[in-house]
Amino acid sequence: MRRRGQALHGPFPQVPLIPTGGVTIETAADYIRAGAAALGVGSELILKDALKARKSEPISDLARRFVELVKEVRKQLTT
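First, a word on what this report is: a plain description of the structure on this page. (Residues numbered from 1 in each chain as written. Predicted model: local features only at pLDDT ≥ 70, side-chain atom pairs only at ≥ 80, totals over all residues. Heavy atoms only, no water.)

A separate point is the overall build of the protein. A count of helices and strands for the protein gives four helices and zero strands. Starting at the N terminus, the α and β elements of the protein follow one another as α-α-α-α. Counting every position in the protein, which comprises 79 residues, the buried fraction comes to 27%. A separation of at least 24 residues holds for 42% of the contacts in the protein among residues at least 6 apart in sequence. Carbon and sulfur atoms form 56% of the exposed surface of the protein, whose accessible area is close to 5,800 Å². (Helix = DSSP H or I, 4+ residues; strand = E, 2+ residues; numbered from the N terminus. Buried < 20%, exposed > 50% of the residue type's maximum accessible area, 1.4 Å probe, protein only. Contact = heavy atoms within 4.5 Å. Areas by Shrake-Rupley, 256 points an atom, 1.4 Å probe, with all protein chains shown as cover.)

Glancing now at the nonpolar core. Note on soluble globular proteins: their nonpolar side chains tend to be buried together. Core analysis: the largest hydrophobic core is formed by 15 residues, its most contacted members being Ile32, Leu39 and Phe66. Those elements that provide at least two residues to this core are helix 2 (28–33) and helix 4 (57–78). No other element matches helix 4, which puts five residues into this core. Not counting residues up to four positions away in its chain, the partners in contact with Phe66 are Val23, Thr24, Ile25, Ala28, Val41, Glu44 and Leu45. (Core = buried A, V, L, I, M, F, W, Y, C linked by side-chain atoms within 4.5 Å.)

Time to look at the pattern of salt bridges. The tally for this structure, following the rule as stated, stands at three salt bridges. Of the charged contacts in the structure, one is a salt bridge between Glu68 and Lys71, with a shortest N-O distance of 3.8 Å. Taken together, the residues Glu68 and Lys71, both in helix 4 and three residues apart, mark about one turn of the helix. (Salt bridge = Lys/Arg side-chain N within 4 Å of Asp/Glu carboxyl O.)

Dropping the structure here:
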């Protein structure tokens, strides 16, 4: 992850990068540490079982986990 972000961000430091593929709860922190300005989270966030059962709570909970993870990593990067 870090290599990909550095490979693009290195020559284009002024360009905000927003990864949209391969972003999971396990990889999100690495993308932020590599310099991502934001994250595009798709199928990883929209849980098929929850959608099928028409339950929004699991999706909302996972979204909160993503937000908290990004906040924590950004906080670590500034301290």
